[in-house]
Amino acid sequence: MITGKMFRDGVISASNNIANNRQAVDMLNVFPVPDGDTGTNMSMTIGAAAKEMAVLADDCTLADASQRCASALLRGARGNSGVILSLIFRGFAKAFKGLAEADGKAVAAAFDSGVQAAYKAVMKPTEGTILTVVRKAAEAAGEMAGSVNDPIEVCVAALISAKEALANTPEQLPVLKKAGVVDAGGRGLVLILQGFESVFGNGVIIQALDSGAPAAPAVQAKTTVAQASDDIEFGYCSEFLIEKSQGSAGKDPLRLRAYLESIGDCVVVVDDNDIIKVHVHSNEPGNVIQEALKYGPLINIKIDNMRYQHRNADVGVKDGKVPPMPKAEPVNDYGFVAVAAGAGLTELFKDIGADVVVSGGQTMNPSTDDILGAIEATPAKTVFVLPNNKNIIMAAEQAIPLAEGKEVRVLHTKTVCQGISALLAFDECEDVKQNLMNMTVAGENVSTAQMTFAARDSEVDGKAVKKGEIMGLADGKIKFTGKNRAEIAFKTADKIFKRGRHSLITIIFGQEADEAEAGEIEKRLKAKYGGDVEISIVDGGQPVYYYFISAE
């Protein structure tokens, strides 16, 4: 039988296993855009559950352990892969409800419930992904449970089938076959199932290579965090290593230290031959990560919410309930939450009506709990959420049922340009339904050009893309690559602008660009389109992306 203790240890083992292999999973991502990668998102998602499991006692029931795990995964879900993973475990918890332990048939039912939850949440399920891998695992579990009621054998059958399904993903998705890789989400799920199998089959918790991750259950009455003052100025502790890249040879780590000291405290930047070790307390972990990426790829990333830790350690986690975040009274009819990175974009969103701006976007997808906290801090009865990134939409939608006493509407804005136009389209004289329609249409009518760098070697639509090359994306598709940033920005902006349909172009330049270069792009566009276009330049200050350019 599988007990609550075994499930608890399995979650911790699974979390450690994917954390140990996070970079390898990230490298399976075919699209070279530096966005929130699958391995990192899945690792951070299940890592939230592992921390919850670490305080459970040995006599916990399977129902209790699985429910707490599902709740922590839901709140900690990052990116689409993290949300799907949380839904799978929500299905597990539903099947294990009321059970102290599980036999083979109960385990098979849990897999089936997990598959149903995951497929139901995805509007257009794509085969050859994590969905296929978990479905094949569930089918094998059900078949085994039909003849053998041993839960361990059922789990082994599920794992074997998951591995086979993963190996077959390139045959289902041509883009994977062309790149010579398997699906990243499916690979992450197999690593998680392997973590469970190590505990169920051998009684061994896979240990974390990074000592900061949970390795074994530990219940303490108080921690040093709990003994600290309630007045924590900087709420997030970020620790990681930077592997120096060739492109960062001319970058002085002292500049990184100076930046970190400008947004936080307790800064440690240790420069070694091949790596840079970083530690900082800040309120902007997304900006910390994005700035650090300029110096090379990151490994052993660990981000802790110290205020959250302090509350849990100080009052304890009782009956599975985490002490609530401070909530704002709903004094207004409408409020707005936007996701964006960069001081300029944050200020812009607030200027046009956003109550709270969640720091995040590319490379650092905020969790469901991050978005929920922003919703609860918004003093309104109805809150519109603007994710502004396709990989954040699902996480935002998971916050809807968690927001007690507030109506939450998530718009499917995929870029900050869409988010800006959607927010500007709000009319306080209209009702919720009409505003939702108007804002959605406004966002969809915006074409977006984005300029960034290739995070890895890849091949997209038959075109080879080299790591470090500048890329111009038109409405999410790579159209131009090269070394001349201004040239690519102009060509991509020209690609999205349609005479007769569009009349306004907005150029939002980021940290690595400047107003003078943006002005040159403006001159070239005006020379081509003359009086047919009005152009605005905005200092967004966004990391990772040199330019966001909108046409509307």
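Located above this text is the structure these notes cover.
This report concerns the structure included in the present document. The residue numbers shown here count from 1 along each chain, following its written sequence. Side-chain atom pairs in this predicted model are given and counted only at pLDDT of 80 or more, local residue features only at pLDDT of at least 70, and totals for whole chains, interfaces and linings cover all residues. Only hydrogens and water are removed before side-chain values are computed, so all heavy atoms of the structure are retained for them.

## Topic: the overall build of the protein chain
Short version of the rule: Helix and strand definitions here come from DSSP, where helices need a minimum of 4 consecutive H or I residues and strands a minimum of 2 consecutive E residues; each element is numbered from the N-terminal end. Two residues qualify as a contact provided that any one of their heavy atoms is within 4.5 Å of a heavy atom in the partner residue. The protein chains shown are the only cover counted for residues, whose accessible areas, like all others here, come from Shrake-Rupley with a 1.4 Å probe.
Along its length, the protein chain carries 20 helices and 18 strands. A separation of at least 24 residues holds for 72% of the contacts in the protein chain among residues at least 6 apart in sequence. For the protein chain, the accessible area works out to roughly 23700 Å², and carbon and sulfur atoms hold 50% of it.

## As for the side chain of serine 81
Heads up, the condition is: Exposure is judged per residue with a 1.4 Å probe applied to protein chains only, and the accessible area is read against the type maximum: over 50% gives exposed, under 20% gives buried, and values in between give partly exposed.
Secondary-structure assignment places serine 81 in helix α5 (residues 79-96). Residue serine 81 is classed as buried on the basis of its relative accessible area, which comes to 12%. Once residues lying within four places of it in the same chain are set aside, the contact partners of serine 81 are Thr38, Asn41 and Met42.

## Quick look at empty space enclosed by the protein
Just so we agree on the cut-off: Computed over the protein atoms alone on a 1 Å grid, cavities are sets of points where a 1.4 Å probe fits but cannot get out and pockets are open sets with protein on both sides within 12 Å along at least five of seven lines; a residue lines them when it has an atom within 4 Å of a point. Grid points are joined across faces, edges and corners, and a volume is the space filled by probe spheres set on the points. Note on residue classes: Ala, Val, Leu, Ile, Met, Phe, Trp, Tyr, Cys and Pro are nonpolar, Asp, Glu, Lys and Arg are charged, and everything else, Gly too, is polar.
Evaluation of the coordinates by the stated rule reveals two cavities of 30 Å³ or more. As for the largest cavity, its lining consists of 20 residues, and the residues nearest its centre are Phe92, Phe111, Cys155, Phe196 and Phe200. When residues of the lining of the largest cavity are assigned to their parent elements, the largest contribution, six residues, is made by helix α10 (residues 184-202). A per-class count over the lining of the largest cavity returns 19 nonpolar, no polar and one charged.

## Digging into a positive patch on the surface
What counts is decided by this rule: Surface patches are defined over residues having more than 30% relative accessible area and no salt bridge, joining like charges when they lie within 9 Å and nonpolar side chains (Val, Leu, Ile, Met, Phe, Trp, Tyr) when within 5 Å. Put simply, a salt bridge is a Lys or Arg side-chain nitrogen that is within 4 Å of an Asp or Glu carboxyl oxygen. The charged-residue count follows a simple rule in which Lys and Arg add positive charge and Asp and Glu add negative charge, with His and chain termini not counted at all. Lys charges are placed at NZ, Arg charges at CZ, Asp charges at CG and Glu charges at CD.
Residues Lys463, Lys477, Lys479, Lys491, Lys495, Lys498 and Arg501 make up a contiguous surface patch of positive charge. Secondary structure elements with two or more residues in the positive patch: β15 (477-482) and α19 (485-496). Positionally, lysine 479 belongs in strand β15.

## Comments concerning the environment of alanine 486
The residue alanine 486 is located in helix α19 in this model. In this structure, the C-alpha to C-alpha distance between alanine 486 and glutamate 517, residues 31 residues apart in sequence, is 6.7 Å. Beyond its immediate sequence surroundings of up to four residues, alanine 486 is in contact with Glu517 and Ile521.

## Some thoughts on the packing of aromatic side chains
Here is the rule: Pairing of aromatic rings covers Phe, Tyr and Trp, the last through its six-membered ring, and needs centres within 6.5 Å; plane angles under 30 degrees mean stacked, over 60 mean edge-to-face, and all others mean tilted. Two limits define a charge over a ring: the Lys NZ or Arg CZ must be within 6 Å of the ring centre, and within 35 degrees of the ring normal.
This model, assessed by the stated rule, comprises 13 aromatic pairs. Geometrically, the ring pair formed by phenylalanine 336 and phenylalanine 426 is edge-to-face, given 4.8 Å between the ring centres and 75 degrees between the ring planes. One end of the pair, phenylalanine 336, is in strand β7 (residues 332-340); the other, phenylalanine 426, is in the loop between α17 (416-424) and α18 (432-444), with 90 residues separating them in the sequence. In this structure an aromatic cluster arises from ring pairing among Phe7, Phe89, Phe92, Phe96, Phe111, Phe196 and Phe200. Its guanidinium or amino end placed over the ring of tyrosine 546, arginine 485 lies 5.1 Å from that ring's centre, counting from NZ or CZ. The cationic tip of arginine 524 hangs over the ring face of phenylalanine 490; the distance from NZ or CZ to the ring centre is 4.0 Å.

## As for the packing of α5 against helix α6 (residues 104-121)
Spelled out, the test is: Angles shown run from 0 to 180 degrees and are taken between the N-to-C directions of axes, each axis being a line fitted to C-alpha atoms and, for helices, limited to the stretch in contact. With respect to orientation, any angle under 35 degrees is reported as roughly parallel, any angle over 145 as roughly antiparallel, any angle of 65 to 115 as roughly perpendicular, and every other angle as oblique. In this scheme the handedness of a crossing depends on how the near helix is turned from the far one: anticlockwise by less than a right angle means left-handed, clockwise means right-handed.
Contact pair α5 / α6: the axes reach a minimum separation of 7 Å and the direction vectors enclose 140 degrees. In terms of axis orientation, α5 runs oblique to α6. α6 is crossed by α5, and the crossing has right-handed handedness. Across the interface between the two elements, Ile84, Leu87, Ile88, Gly91, Phe92, Lys94, Ala95 and Phe96 from α5 touch Ala106, Val107, Ala109, Ala110, Phe111, Ser113, Gly114, Ala117, Ala118 and Ala121 from α6.

## Focus on the sheet that holds strand β17 (residues 534-539)
Consider a sheet: its strands pair through backbone hydrogen bonds, and that pairing is either parallel or antiparallel. Our working rule: Being paired, for any two strands, means DSSP has found at least two bridges between them.
What the six strands build is an open sheet, ordered β15-β14-β11-β18-β16-β17; its pairing is mixed. Both edges of this open sheet fall to β15 and β17, since each of them pairs with a single strand only. On average, each strand axis in the sheet is tilted by 15 degrees relative to the strand beside it, whichever way the strands run. Note that strand β11 (residues 447-453) and strand β14 (residues 470-474) share five bridges and pair antiparallel. Note on β14: the bridge partner recorded for alanine 449 is alanine 474. Here α17 sits on the sheet and contacts β11, β16 (504-509) and β18 (547-551); the angle it forms with β18, its principal contact strand, is near 50 degrees.

## Quick notes on the pattern of salt bridges
Evaluation of the coordinates by the stated rule reveals 20 salt bridges. A salt bridge links aspartate 370 to arginine 78, with the nearest nitrogen and oxygen atoms 3.8 Å apart. Here arginine 78 lies in the loop between α4 (62-76) and α5 and aspartate 370 lies in helix α15 (residues 368-376), a separation of 292 residues in the sequence. Judged by its relative accessible area of 25%, aspartate 370 falls in the partly exposed class. Residue class for arginine 78 comes out buried when judged on its relative accessible area of 14%. Glutamate 139 serves as the salt-bridge partner of lysine 136, at 3.9 Å between the closest nitrogen and oxygen. Placement of the pair is lysine 136 and glutamate 139 together in helix α7 (residues 130-145), with a separation of three residues, close to one helical turn. The exposure class assigned to lysine 136 is partly exposed, which follows from its relative accessible area of 33%.

## Description of the side chain of lysine 294
Quick note on the threshold: Here a polar contact is taken to be a pair of N or O atoms separated by no more than 3.5 Å, where protein atoms must pair a possible hydrogen donor with a possible acceptor and residues adjacent in sequence count only if both atoms sit in side chains.
Within the secondary structure layout, lysine 294 lies in the loop between α12 (285-292) and β6 (298-305). Its relative accessible area of 18% is what places lysine 294 among the buried residues. Separated by 2.6 Å, the side chains of lysine 294 and glutamine 511 make a polar contact.

## A word on a negative patch on the surface
A grouping of Asp427, Glu428, Glu430 and Asp431 is seen on the molecular surface, where their side chains present a negatively charged patch. Within the secondary structure layout, glutamate 428 lies in the loop between α17 and α18. Exposure remark for glutamate 428: the relative accessible area of 65% places this residue in the exposed category.

## Focus: the sheet that holds strand β5 (residues 275-282)
Strands sit in the order β4-β5-β3-β6 across an open sheet of four strands; the sheet is antiparallel. Single-partner strands in this sheet number two, and they are β4 (264-271) and β6. Taken pair by pair, the neighbouring strands of this sheet meet at an average axis angle of 5 degrees, ignoring direction. With respect to the sheet, α12 is in contact with β3 (236-243), β5 and β6, its orientation differing from that of β3 by roughly 10 degrees.

Fair warning: the whole summary comes from geometry, so function is off the table for now.
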